[in-house]
Amino acid sequence: GLLNEIQSTMADDKTAPKKIGILTIGLGGGNGVTLLAGYIANRNKLEWETQKERMSANWYGCITQIPPRGRHGGVGYRGRLPSLSDVSHAALGGWEVRPTPLGKALYEARILDHDLVRQVRDEMDGFTFMPGVFDPSFVGETQHAGATHVVSGEEASTWRRKVERIRTDIRNFKRDNGVDGHTTVIWSASVERPSEAEYDSPERMLHAIDTNENDDISPSIIYAIASALEGCSFVNGGSQNTLSAALSELFEADYRRSNLADDGNWNASTETAYLLGTDFKAGQTKFKTAAVEYVRALGLTPMVVASSNHLGNNDMLNLTSKATVKAKMRVKSNIFGPWDEDQLDHQVRVMYTSYIGDEKRDFVEYTSLGFLGCPHTMVTYTRCMDSILCVPLMIDAAVWCDYFCGKGADGGDAARATAYLFKVPEGGARGVDPGFHHQMGVLEKTLLKLEGGSDSSGALSFKVIRDSVVEGIITQEQANALIAKGSK
């Protein structure tokens, strides 16, 4: 009966933890070095002095790594979903076009407390990273001089050779690190200008790669194609237009199984992999979608959202180029699109201010119309290190990809369930409701479906009963009684 299934599942959950792979493009940037420092701190259970108190390593902000809190749960999923991977056991790696040792890069970024940086710097300086695929035409001029750690020579001579170099890097990473879980490749490098390459099918896109057609193919597209062919998920954390219908189809395991697995040319993996994006919704934009959702839930009519943000990290320096800022503004200004609030005047300004460094400052004023047209205005002001907001999204994206692969979720379900991570959800999540809390509800419903539960009123899910037994809340006899009652 169902009780035996509960007991069997409980026994299955006691297996050794999987080692997932997280490969970061732009590992030497603010996000990459913060991710690696946080991984080392948590793995080694470090403590350090801050301006206010002594701090212990934690996964705050990573909802896949922290447990529920409070009477009504919420907050995190650790313990609720036993098959979620523990990032402390993950394998980390990546690519970087600048040769700066990662410990030095962390020190120079001035993101984390110095006492923590001091403890992780030596290990990070010894961390090996792979040279990146680089095309100077896709980034701002400020990024050109430092890009000396790049794929070059024969390996960079054609599109196909670039793809094959990245595929080899991925295979070597998984082999050398004993990765037995899913591997996710995350774009965290500088925002690219929009690519003009357009393909109506995976066949046409791969033909362009194979024949080295003189198309406008960006490095992010190269990485994404290589990821799909190796059965790895790809997450577009940047603003550029990497995702497309052709690329989405390439990520479908059935397509690769039917067309590319045994063709003798591409020898593609048939493992499940997901294509997610676009642009991590980390701070200001995430709160915007929650705030306007709140305004709409009150029955008010949003009229103006006027926002500005300024910071001085390398990502913002890259956006001083007109070509790259165009990609950023595309996603920042389009976050409310699916709501069809045509009257809403959404204005966005971004500024590079060197002194501020990674500590983003943002200001937003929301003006709406209330009863009888009377105005309602509220203001938010936020300060936080940009990388502290982004890194938890990178971690959760990789853990969710592994979880969804293990559950056999299709690409559409995975994309919609993770839409909350992105400013403009694309691919399988294109056009979803932009409200943050609505998106979190979709995640919950997807998890319930995959865990074998029910979302109908009055129904008690299998997972709730199982977890209650595991946590000692109820006995097996009580669980049996609940199951019997629910089956009547």
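Heads up: the structure comes first, above all this text.
Fair warning: this is a prediction, and the values are worked out from it, not measured in the lab.

Novice: Got a sec to walk through the sheet that holds strand β10 (residues 345-352)? Specific residues and values, please.
Specialist: Overall, mixed pairing links the four strands, which are arranged β10-β9-β11-β12 in an open sheet. A single partner strand is all that each edge strand has here, and the edge strands are β10 and β12 (375-385). Each adjacent strand pair in this sheet contributes to an overall mean axis angle of 10°, direction not counted. Looking at chain direction, strand β11 (residues 359-369) and β12 are connected through eleven bridges and run antiparallel.

Novice: Could you give an account of the sheet that holds strand β1 (residues 21-25), naming the residues involved and the relevant values?
Specialist: Spatially, β5-β4-β1-β6-β7-β8 is the arrangement adopted by the six strands of the open sheet, whose pairing is parallel. Here the strands that pair on one side only, and so sit at the sheet edges, are β5 (130-131) and β8 (275-277). Judged from the five bridges that link them, β1 and strand β6 (residues 183-187) form a sheet pairing that is parallel. Looking across to β6, one finds that I25 is bridged to W187. Along the sheet, helix α7 (residues 219-229) contacts β1, β4 (91-96), β6 and β7 (233-236); its crossing angle with β7, the most-contacted strand, is approximately 155°. Sitting on the sheet, helix α13 (residues 386-407) is in contact with β1, β6, β7 and β8, with an inclination near 145° to β6.

Novice: Any chance you could break down helix α3 (residues 102-109) for me, citing the residues and the numbers?
Specialist: Turning to α3, its buried residues number three or more, namely L102, G103, A105 and L106. Looking straight down α3, one finds its buried side chains confined to an arc of 160°; they lie on one side. On its buried face, α3 sits against α2 (30-43) and α4 (114-125). Of the residues one or two after α3, R110 is the one with positive phi, at around 55°.

Novice: Talk me through the pairing of β6; I want residue IDs and the actual numbers.
Specialist: Across the five residues that make up β6, a large majority, five, are buried. A two-sided burial pattern is seen for β6, the buried positions comprising T183, V185 and W187 on one face and T184 and I186 on the other. As paired strands, β6 and β7 are joined by four bridges and run parallel to one another. In the strand pairing of β7, W187 is matched with N236.

Novice: So, the packing of aromatic side chains: which residues are in play, and what are the values?
Specialist: All chains considered together, the criterion is met by eight aromatic pairs. Ring centres of W187 and Y223 lie 6.1 Å apart, and the angle between their planes is 70°; on these two criteria the pair is classed as edge-to-face. With W187 in strand β6 and Y223 in helix α7, this pair connects stretches of sequence that are 36 residues apart. The burial state of W187 is the same as that of Y223; both residues are buried. The rings of Y77, W400, Y403 and F404 are connected pair by pair, giving a single aromatic cluster. Over the aromatic face of Y107 sits the side chain of R121, whose NZ or CZ is 4.7 Å from the ring centroid. Above the plane of the ring of W266 lies R160, whose end atom (NZ or CZ) is 3.7 Å from the centre.

Novice: Give a detailed account of the nonpolar core, specifying residues and quantitative values.
Specialist: Core analysis: the largest hydrophobic core is formed by 67 residues, its most contacted members being I22, M124, W400, F404 and L443. With 13 residues, the single largest contributor to this core is α13. With residues up to four places along the chain from it excluded, the contact list for W400 reads I63, T64, Y77, L81, L84, T418, Y420, L443 and L447. Membership of the second largest hydrophobic core comes to 43 residues, among which are F173, L229, L243 and L250.

Novice: Account for the pattern of salt bridges, naming residues and giving values.
Specialist: Per the stated rule, a full pass over the model turns up 30 salt bridges. Close ionic contact of E123 with R43 constitutes a salt bridge, the shortest N to O distance being 2.8 Å. With E123 in helix α4 and R43 in helix α2, this residue pair connects regions lying 80 residues apart in the sequence. When the shortest N-O distance is used, the salt bridge between R165 and D169 registers 3.1 Å. With a gap of four residues between them, R165 and D169 both fall in helix α5 (residues 159-176), about one helical turn apart.

Novice: Please give an account of the packing of α3 against α4 that cites residues and values.
Specialist: Contact geometry for α3 and α4: axes closest at 7 Å, N-to-C directions at 155°. Comparing the axis directions of α3 and α4 gives the class roughly antiparallel. Contacts between α3 and α4 involve L102, G103, K104, L106 and Y107 on the former and, on the latter, H114, V117, V120, R121, M124 and D125. Considered class by class, the residues forming the contact of α3 with α4 number six nonpolar, two polar and three charged.

Novice: Outline the environment of G178, supporting the account with residue identities and numerical values.
Specialist: On the secondary structure map, G178 appears in the loop between α5 and β6. C-alpha separation for the pair G178 and G21, spaced 157 residues apart in sequence, amounts to 9.2 Å.

Novice: Describe the side chain of S195, naming the residues involved and giving the relevant values.
Specialist: Turning to its location among the elements, S195 is positioned in the loop between β6 and α6 (202-211). In this structure S195 comes out as buried when scored by relative accessible area, which is 8%. Polar contacts involving the side chain of S195 include one to the main-chain carbonyl oxygen of D216, which spans 2.5 Å. Residues in contact with S195, not counting those within four places in the same chain, are F138, D216, I217, S218, I221 and N241.

Cut-offs and rules
Residues numbered from 1 in each chain as written. Predicted model: local features only at pLDDT ≥ 70, side-chain atom pairs only at ≥ 80, totals over all residues. Heavy atoms only, no water. Pairing = 2+ DSSP bridges. Helix = DSSP H or I, 4+ residues; strand = E, 2+ residues; numbered from the N terminus. Axes fitted to C-alpha atoms, helices over the stretch in contact; angles between N-to-C directions. Contact = heavy atoms within 4.5 Å. Buried < 20%, exposed > 50% of the residue type's maximum accessible area, 1.4 Å probe, protein only. Arc of directions from axis to C-beta. Phe/Tyr/Trp six-rings, centres within 6.5 Å; stacked < 30°, edge-to-face > 60°. Lys NZ or Arg CZ within 6 Å of the ring centre and 35° of its normal. Core = buried A, V, L, I, M, F, W, Y, C linked by side-chain atoms within 4.5 Å. Salt bridge = Lys/Arg side-chain N within 4 Å of Asp/Glu carboxyl O. Parallel < 35°, antiparallel > 145°, perpendicular 65-115°, else oblique. Nonpolar A, V, L, I, M, F, W, Y, C, P; charged D, E, K, R; others polar. Polar contact = N/O pair within 3.5 Å; in protein donor to acceptor, adjacent residues only side chain to side chain.

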